[in-house]
Amino acid sequence: MVRERLRRFAPFRSLGVRIFIAVCIMGIVPGVILRYILLSSYETRAISVRKSEIQNQCTILADHLVTYGYLADPSSEVINAELEQFSSLYDGRIMIIDNDLKIIKDTYSISQGKIMISEEILRCFDKSSIAKHDKINRYIEFTTPITDRTTGAVIGVILTSVSTDNIAETISIMGRKATLFEVIVAVLAVCFSVFVSMNLIRPFRAINTAIIQVEEGFTEEKISVPDYIETEVISASFNKLMDKMNTLEASRQEFVSNVSHELKTPITSVKVLADSLLTQDDVPVEIYREFMEDITKEIDREDKIINDLLSLVKLDKTAGGLMNISVVDINAMLEDILKRVRPIADRAKVELILESIRPVSAEIDEIKLSLAIMNVIENAVKYNKENGWVKVSVDADHQFFTVTVSDSGMGIPEEAQAHIFERFYRVDKSHSKEIGGSGLGLAITRNTVLMHDGAIKVESSEGIGTTFTIKIPKTHTTADKETDEESRKDEKTI
Ligand SMILES: Nc1ncnc2c1ncn2[C@@H]1O[C@H](COP(=O)(O)OP(=O)(O)OP(=O)(O)O)[C@@H](O)[C@H]1O
Ligand SMILES: [Mg+2]
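No experiment lies behind these values; they were computed from the predicted model shown.

Attention now moves to the confidence of the model for the chain. In the predicted model, the chain carries a mean pLDDT of 87, and the fraction of residues at 70 or more is 93%. Confidence drops under pLDDT 50 across residues 480-494; counting only partners more than four residues distant or on other chains, this segment forms 13 contacts.

One pass over the full model with this rule turns up four aromatic pairs. With centroids separated by 5.4 Å and ring planes inclined at 55 degrees, the aromatic side chains of phenylalanine 86 and tyrosine 90 adopt a geometry described as tilted. Each of the two residues, phenylalanine 86 as well as tyrosine 90, counts as buried. Ring geometry for phenylalanine 204 versus tyrosine 228: centroids 6.0 Å apart, planes at 45 degrees, classification tilted. In this pair, phenylalanine 204 is assigned in helix H5 (residues 165-215) and tyrosine 228 in the loop between H5 and helix H6 (229-279), connecting sequence segments 24 residues apart. The partly exposed category is assigned to phenylalanine 204, whose relative accessible area is 31%. In this structure tyrosine 228 comes out as partly exposed when scored by relative accessible area, which is 25%. Over the ring of phenylalanine 400 we find lysine 471, and its NZ or CZ is 4.8 Å from the ring centre.

Moving on: the pairing of strand E5 (residues 154-163). Burial runs high along E5: nine of the 10 residues are buried. For strand E1 (residues 92-98) and E5, the ladder comprises seven bridges, and the chain directions are antiparallel. Considered in E5, the bridge of isoleucine 96 is made with isoleucine 158. As paired strands, strand E4 (residues 139-147) and E5 are joined by nine bridges and run antiparallel to one another. Counterpart to tyrosine 139 in the pairing with E5 is serine 163.

Attention shifts here to the site of ligand 1. Around ligand 1, 23 residues are found, and the nearest of them are Asn379, Tyr383, Arg426, Gly441 and Leu442. Interatomic distance of 2.9 Å between a side-chain N/O atom of tyrosine 383 and an oxygen atom of ligand 1. Protein chains shield 97% of the accessible area of ligand 1, which is 590 Å² for the free molecule. Of all elements in the fold, only helix H7 (285-315), helix H9 (366-382), helix H12 (441-451) and strand E12 (465-473) reach the threshold of two or more residues within the shell around ligand 1. For the shell around ligand 1, the element with the most residues is H9, which contributes three residues. Partitioning the shell around ligand 1 into residue classes produces 10 nonpolar, eight polar and five charged.

What follows covers the sheet that holds E12. Spatial ordering of the open sheet is given by E7-E9-E10-E12-E11, a layout of five strands whose pairing is mixed. The open sheet has two free edges, formed respectively by strand E7 (350-356) and strand E11 (455-461), since each of these has just one partner strand. The average angle at which neighbouring strand axes cross in this sheet is 10 degrees, direction not considered. The pairing of E7 with strand E9 (residues 388-396) spans seven bridges and is classified as parallel. Considered in E9, the bridge of leucine 354 is made with valine 392. The strands touched by helix H8 (residues 330-347) within the sheet are E7, E9 and strand E10 (400-407), with E7 carrying the most contacts at an inclination of about 175 degrees.

Topologically, phenylalanine 255 is positioned in helix H6. For the pair formed by phenylalanine 255 and isoleucine 377, sequence separation is 122 residues and the distance between their alpha carbons is 26 Å.

Each domain of the chain was delimited in the assignment, giving domain 1 (15-170), domain 2 (229-312) and domain 3 (321-493). The centre of domain 2, based on its C-alpha atoms, is set 24 Å off from the matching centre of domain 3. Opposite the 11 residues of domain 2 that make contact, domain 3 presents nine residues. Buried surface at the junction of domain 2 and domain 3, both sides included, amounts to about 940 Å², of which 67% is carbon and sulfur.

With 39 residues, the main nonpolar core has Ile330, Ile364, Ile373, Ile377, Val390, Phe401 and Phe468 as its most contacted residues. Top contributing element to this core by residue count: H9, with eight residues. In this structure, valine 390 is in contact with Val350, Glu351, Leu352, Ile353, Ile377, Ala380, Val381, Asn384, Val405, Ser406 and Asp407, ignoring residues within four places of it in sequence. Ranked by size, the runner-up nonpolar core spans 23 residues in total, among them Leu61, Ala62, Ile94 and Ile158.

Cut-offs and rules
Along each chain, numbering runs from 1 in the same order as the chain's sequence is written. Both sets of labels track the order of writing: A upward for chains, 1 upward for ligands. Only residues with pLDDT of at least 70 get local features here, since the model is predicted, and only at 80 or more are side-chain atom pairs given and counted; chain-wide, interface and lining totals rely on the full set of residues. Excluded from the side-chain calculation are hydrogens and water; included are all heavy atoms of the structure. Residue-level confidence of the predictor, termed pLDDT, takes values from 0 up to 100. Contacts are residue-level and defined by heavy atoms, with any inter-residue pair within 4.5 Å sufficient. The rule is short: rings of Phe, Tyr and Trp, with Trp giving its six-membered ring, pair when the centres are within 6.5 Å, and they are stacked under 30 degrees, edge-to-face over 60, tilted in between. Three labels apply to residues, based on accessible area from a 1.4 Å probe with only protein chains included: buried if under 20% of the type maximum, exposed if over 50%, partly exposed otherwise in between. Numbering of helices and strands runs from the N terminus; a helix is a DSSP stretch of H or I covering at least four residues, while a strand is a stretch of E covering at least two. Lysine NZ or arginine CZ positioned within 6 Å of the ring centre and within 35 degrees of the ring normal marks a charge as sitting over the ring. Strand pairing is defined by DSSP finding a minimum of two bridges between the two strands. We call a residue near a molecule or strand when any one of its heavy atoms sits within 4 Å of it. Here a polar contact is recorded for every N or O atom pair within 3.5 Å, except that within protein the pair must consist of a potential hydrogen donor and a potential acceptor, and residues adjacent in sequence are included only if both atoms are side-chain atoms. Reported accessibility uses the Shrake-Rupley method at a 1.4 Å probe radius. Residues are deemed covered only where the shown protein chains occlude them. Side-chain classes follow a simple rule in which Ala, Val, Leu, Ile, Met, Phe, Trp, Tyr, Cys and Pro form the nonpolar group, Asp, Glu, Lys and Arg form the charged group, and the remainder, Gly included, forms the polar group. The convention used is that axes are lines fitted to C-alpha atoms, helices contributing only their stretch in contact, and that angles between N-to-C directions extend from 0 to 180 degrees. Residue ranges labeled as domains rest on an automatic or database domain assignment. When two components associate, each loses some accessible surface as probed by a 1.4 Å sphere; the sum of these losses over both components is called the buried area. Here the nonpolar core consists of buried residues drawn from Ala, Val, Leu, Ile, Met, Phe, Trp, Tyr and Cys, with membership extended through side-chain atoms lying within 4.5 Å.

Structure, rendered in structure tokens:
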């Protein structure tokens, strides 16, 4: 949850800021932890050294007290001097308590003669001495038993309290120095992290600048930022995308110029015909009729081009044209197509032959596919010679059916075979002009075949003839609903 919020927080989404924070943390946090560990371990160590030192001193003192019989007579100059020296050396207070719990000596001379009852003292008479560190009030308190040498009994207690101020002072001096050091390290870490983050993200900035320059049209050069493998990969992907877009743009421009040219030709002819009629006086009715027939032909041509273009747009595989699939008798469908092409074939003196190797039925869009096959058969008739022939045959295996259209026509040059399925492509423009056509027929056929998940190929020898083979699966794998709906939307927009 917190991570998610942080991720959405705008500055954290910048790589530079993240690197900056990471380097800062790496530079500052170890210093802070180290300081804490060092200071606290120094304090523990200093206290424990102080404790054992004083404990030893007190044990020696207890021995002296017994030697000098101090508990019986606390006037010993030697001992009193030793006590004074001890208390001033360690900045502490020493109290000697006899077994009546009476304070017989207090180096602060405050409680002398008073009775002292405390848990620590009572426990010390039971031979368990105590060394207690009070951190808040900064002192260490010890109880040391004074033991009779002959009986071994505890005959008194030395209560010592020693200030730890000097240890605390040392720690605070060390702390101040550590803080100064940390501040210097933190400043250096911040400067270093700014430097590192700026340097690390520089190549990404360079990529962005290069992309913007390409986008704004200042350059068409390929971008190259080889600083990191990552930037190299991004540059390569971007260049690939640009290549693809340039190819698309080139084909779009070519298509637009082809369309405009093809659409303009019939209009120009109509204008020329109409102008020549208008500029002549007393034109005979026959000429009018002849010209008007030509004008009608040109208008029909324009109409065909527009219709072909529209069906191409609808058929476009990416637009996902809507398919109207049903089980169709392919033999009957071919017979029907041949019936429709026969008048043209008769006029061109071309023989049409249908060879049904076996009965075939398949799941197809009948209207679209018959138009596609008709385009191929029409071509076979159109680009044929007098007394030539066109043979259409249909065969199938368990998975596919194949329609083959062979002709005895002029053939297609090898170098043109790769282009005949392109929109507006015609092999020999001048020759094709006599025959007529816009170069869209095979593009429509190819798109229709692809929509049926099929394939179309051409084999041809110039002067001998051409064979088109269309292979289509007998069962149609339905495109998912979404595609159907999308295509319906597309149909509306067309
Ligand atoms: N069977 C064939 N024999 C020889 N050339 C052919 C044959 N089929 C097609 N071509 C060549 O391929 C070109 C493209 O054919 P396509 O059917 O796409 O266009 P078109 O026939 O010129 O015009 P459209 O079919 O749009 O009226 C034709 O112009 C023609 O040059
Ligand atoms: Mg054609």
